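Coordinate analysis (summary)
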Amino acid sequence: MSLQSGLDAFQQGRYQEAVQLLEQFCRNCVDHNFPDYLTAQMWLMKAYQGTGEIEKATSLWQKLINSENPQIRSWAEQAGKSLPQQAPTQSSAFQKAGRAATTGVALAMGGVGGSLALASGVTIALMFGMVFVLGLSLVLIFDSNDPLTGLAIAIAITLIFSLASFFLSPFLMDLSQRWLYQTRWVDLAEVEALSPETARILRNICQQKNLKIPRLGIIDDQNPTAFTYGSLPNSARLVVSQGLFTYLDDDEIATVYAHELGHIVHWDFAVMTAASTLVQICYLIYSTASRFGRGGGDNKVKDALQTASLVAYVFYIIGTYLLLYLSRTREYFADHFAAESTGNPNALSRALVKIAYGILEEGSRTKEPSRLIEGTRALGIYDHKAAASTGTAYRIASDPQKIGRVFLWDMFNPWGWWMELNSTHPLTGKRVRALSTYSEQLGLATEFDMGRVMGEGKTLNKTKLYGNFLLDVVLYGAETIGFFAGLVVGVFLWSASPTSGLIFGAPFIGLGIGILIKAFVMFPNYMQAPATDILTLMSDPYASPLRGQPAKLEGQLIGRGDSGYKFGSDLKIQDPSGMLYLHYASRFGPLGNFLFGMKRVQSLIGQQVGAVGWFRRGVAPWMDLIQLESENGTTVNSYHRFWSFILGGGSIILGMVLTIYLSS
């Protein structure tokens, strides 16, 4: 009796038959370490749940959780969430809202993700910008051969290398994948054994779109992720980590593969490569023209080169942000493709949340951040920087609505919009909101009631949201504003009394005042910091990256916060509700941070601690540490305000000294 027949029966909902087939396969299998036997055991546990035999499922789960195979143990830890009498710190299983009876139903995006025309036209816009800059250069500097020749050669070299990298990049990526992550290439049958629905989705979509099945890779890493790369659709690579099969259910894995197929169908890697090349050329024009423009020679030529340099730089900045916009938009359209091709947008919503949870869980088990997650951030289906809040909510939520509350910041806080401008991925809340609208179009219930989240968002204090945001923006430039305000005051007083030294001293006084005002806003009084937990902090829709929120946490230090840096001074704290990064600052600057990371951090990891600090919320939440007290009596002090006070006070004193000295 084959394993596949048992998997087929399970996939088709014939759980009793699946139990019989899988039990028979396991009885006939001699080697209990054989991968097919372990696969059969995992699906047998799920089949027992399907038939209501919870005691058998629990018994088998206990066997799997104690397996010598670390991958099986990790899978069992995740699968145990769907069993009754779970641990109080784990999330209950989702009550799945269902899926469409048919696939391929056209779904309206309704403006979600921005304008497809604008996203697709990014390359054309950049090309026109490049042509304009080139035309300006040719018209204005035709009298000088050297700059033009050098510029032409540089552009030709850039184009040649870009074309070469476009076609060679898949093979170079293959080498780096094998070297960095030990990627192993597998056939469709192995993927099918891990996720039967994924194999069916791959076959169906590739047949409908007249594509070859991509080269499939699996990375032996429990951090869940997936990404695609290549030069042409029929030579694309689709790589996932083993963690995807650990943390996600069959239908959720299938939607992730469908999302990645969407990138292939839309030629995303080709468009992104072309757009990136044009942005690089704009920067090359800027750097070349500015270098020649600083030299001697004809003033007319110098002026022309400086003008070309300025225009090229403007196009480079615009192009960079258009490129990020294009990347975010492609994620929305890949989500849309997955929803249409699987008829299961709810599964992709769950997948995004569970991926965040998986990243958080794996991060809590290791003292060093994952090289895979960091290295594939731009390529992956999920930006790991945004995983903390969503993963924290999923970890303890008994109700998906608790998860939805952390999306309030994504949906309504102006800082969310501002920070998304510099991100390659949309914020998670916005992606889940879009997927929920697709579920509604298909007549399905939604697991994350984003309608309720949107309703709650409309009750938020808009004056507080936007007023604080505008104030924060001003405070970010407090030093500059203070300097120029002091300069204006100094000039005014000097015009009234030419002997006044304030024209030199006032700008430094203004600079110092600006630094101190910003410091007091960023680092307010913490003496009455309330005791709280990480999930509560992350659920605050008014949180800011600038205005620190004093808070006191109790938890365990579980590792460093600096990716791949063995002497990193930042830490990770975990309490029953989630995980948060702690940012340490020494009075002695970077050298002090290095010494703290080298000498003291390792001895603190694993200890129960009390931490006081200022909580901040960006794409990734964190806390600026004030004081840390460990269970063995060790106290660590952090000095984020120290240099602000030194620089601010020093600047004011310098300004006063200049004023008195020059006025005497």
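Residues numbered from 1 in each chain as written. Predicted model: local features only at pLDDT ≥ 70, side-chain atom pairs only at ≥ 80, totals over all residues. Heavy atoms only, no water.

Check the secondary structure of the protein chain and you find 29 helices and 10 strands. Split into buried and exposed, the 664 residues of the protein chain put 53% on the buried side. Excluding contacts between residues fewer than 6 apart, the proportion of contacts in the protein chain whose partners are at least 24 apart in sequence is 71%. When the accessible surface of the protein chain is totalled, it reaches about 29,300 Å², and 62% of it is carbon and sulfur. (Helix = DSSP H or I, 4+ residues; strand = E, 2+ residues; numbered from the N terminus. Buried < 20%, exposed > 50% of the residue type's maximum accessible area, 1.4 Å probe, protein only. Contact = heavy atoms within 4.5 Å. Areas by Shrake-Rupley, 256 points an atom, 1.4 Å probe, with all protein chains shown as cover.)

The residue Ala620 is located in the loop between β8 (608-616) and β9 (622-630) in this model. Residue Ala620 is classed as partly exposed on the basis of its relative accessible area of 23%. In this structure, the C-alpha to C-alpha distance between Ala620 and Lys385, residues 235 residues apart in sequence, is 5.0 Å.

We now examine the packing of aromatic side chains. Per the stated rule, a full pass over the model turns up 12 aromatic pairs. Seen from their ring centres, Tyr247 and Tyr357 are 6.0 Å apart, and the 80° between their planes marks the pair as edge-to-face. Here Tyr357 lies in helix α15 (residues 345-365) and Tyr247 lies in helix α11 (residues 242-247), a separation of 110 residues in the sequence. For the residue pair Tyr247 and Tyr357, the accessibility class agrees, reading buried in each case. Among the aromatic side chains, those forming a connected cluster through ring pairs are Trp415, Trp417, Trp418, Phe469 and Tyr476. (Phe/Tyr/Trp six-rings, centres within 6.5 Å; stacked < 30°, edge-to-face > 60°.)

For the pair helix α2 (residues 15-28) and helix α3 (residues 35-51), interaxial distance at closest approach is 9 Å and the crossing angle is 150°. Taken together, the axis directions place α2 and α3 in an arrangement best described as roughly antiparallel. α2 and α3 meet at a crossing whose hand is left-handed. Of the residues in α3, those touching α2 at Tyr15, Gln16, Ala18, Val19, Leu22, Glu23, Phe25 and Cys26 are Asp36, Tyr37, Ala40, Gln41, Trp43, Leu44, Ala47, Tyr48, Gly50 and Thr51. Residue classes in the contact of α2 with α3 are distributed as 12 nonpolar, 4 polar and 2 charged. (Axes fitted to C-alpha atoms, helices over the stretch in contact; angles between N-to-C directions. Parallel < 35°, antiparallel > 145°, perpendicular 65-115°, else oblique. Left-handed = near helix turned anticlockwise from the far one by under 90°. Nonpolar A, V, L, I, M, F, W, Y, C, P; charged D, E, K, R; others polar.)

Now for unusual backbone geometry. For Asn210, which is not a glycine, the phi torsion comes out positive at approximately 55°. Structurally, Asn210 can be placed in the loop between α10 (196-208) and β2 (215-219). If you check the backbone angles, Trp267 has positive phi at about 60° while not being a glycine. Locating Trp267 in the fold gives a position in the loop between α12 (250-265) and α13 (268-293). The partly exposed category is assigned to Trp267, whose relative accessible area is 40%.

Bringing the nonpolar core into the picture now. One finds Leu244, Tyr257 and Tyr382 to be the most contacted residues of the largest nonpolar core, which totals 73 residues. Looking at which element gives the most residues to this core, the answer is α15, with 8 residues. If we skip the residues at most four places from it in the chain, Leu244 touches Pro224, Thr225, Ala226, Ile253, Val256, Tyr257 and Ile355. (Core = buried A, V, L, I, M, F, W, Y, C linked by side-chain atoms within 4.5 Å.)

This paragraph deals with the confidence of the model for the protein chain. Within the protein chain, residue pLDDT values average 80, and 80% of them lie at 70 or more. Note that pLDDT drops below 50 for residues 85-93; the model gives that stretch 22 contacts with residues more than four away or on any other chain. Counting interchain partners and residues more than four positions distant, the pLDDT-below-50 stretch residues 138-144 has 9 contacts. (pLDDT = per-residue confidence, 0-100.)

Another point: the pairing of β9. In this sheet, β9 lies alongside strand β7 (residues 578-583) in parallel orientation, the contact comprising 3 bridges. Within the sheet, the bridge partner assigned to Tyr581 lies in β9 and is Trp622. Bridge analysis of β8 against β9 gives 8 bridges, and the strand direction is antiparallel. Following the sheet pairing, Val612 is matched in β9 by Gln627. Hairpin connection, β8 to β9: the antiparallel pair is bridged by 5 residues. Sheet analysis places β9 next to strand β10 (residues 635-637), joined by 3 bridges and oriented antiparallel. (Pairing = 2+ DSSP bridges.)

What follows is about helix α25 (residues 502-522). Owing to its 3.6 residues per turn, the α-helix aligns residues three or four sequence positions apart on the same side. Between its first and last C-alpha, α25 extends 29 Å over 21 residues, near the 30 Å set by a 1.5 Å rise per residue. Listed as buried for α25 are Gly505, Ala506, Pro507, Gly510, Gly512, Gly514, Ile515, Leu516, Lys518, Ala519 and Met522. Where the residues of α25 are buried, they touch α23 (462-476), α24 (478-496), β8 and α29 (642-663). (Expected span 1.5 Å × (residues − 1).)

Let us now look at a nonpolar patch on the surface. A grouping of Phe504, Ile653, Val657, Tyr661 and Leu662 is seen on the molecular surface, where their side chains present a nonpolar patch of about 550 Å² in accessible area. Top contributing element to the nonpolar patch by residue count: α29, with 4 residues. Under the relative-accessibility criterion, Phe504 is labelled exposed at 52%. (Patch = residues over 30% accessible without salt bridge, like charges linked within 9 Å, V, L, I, M, F, W, Y side chains within 5 Å. Salt bridge = Lys/Arg side-chain N within 4 Å of Asp/Glu carboxyl O.)

This part is about the pairing of strand β4 (residues 237-241). With 5 of its 5 residues buried, β4 lies for the most part within the structure. Residues Arg237, Val239 and Ser241 point to one face of β4 and Leu238 and Val240 to the other, with burial holding for every one of them. Inspection of the sheet shows β2 paired to β4 by 5 bridges, in the parallel sense. Each residue of the ladder has a partner; that of Leu216, found in β4, is Leu238. Relative to β4, strand β3 (residues 226-229) runs antiparallel, the two being bridged by 4 bridges. Note that in β4 the partner of Ala226 across the bridge is Val240.

Turning to the environment of Val105, a few remarks are in order. Tracing the chain through its elements places Val105 in the loop between α5 (70-79) and α6 (116-120). Between the alpha carbons of Val105 and Ala339 there is a distance of 9.0 Å; along the sequence they are 234 residues apart. Contact partners of Val105, with chain neighbours within four places excluded, come to Glu340 and Leu442.

Per the stated rule, a full pass over the model turns up 16 salt bridges. A salt bridge links Lys354 to Asp249; the nearest nitrogen and oxygen atoms lie 3.5 Å apart. Linking Lys354 in helix α15 with Asp249 in the loop between α11 and α12, this pair joins segments that are 105 residues apart in sequence. The exposure class of Lys354 is buried, given its relative accessible area of 6%. Between Lys518 and Glu479 there is a salt bridge, with its nearest N and O atoms 3.4 Å apart. Taken together, the residues span a long stretch of sequence, with Lys518 in helix α25 and Glu479 in helix α24 at a distance of 39 residues. The exposure class assigned to Lys518 is buried, which follows from its relative accessible area of 13%. Look at Glu479 and you get partly exposed, because its relative accessible area is 23%. One continuous salt-bridge network, built from bridges that share partners, spans Lys46, Asp249, Asp251, Glu252, Arg350 and Lys354.

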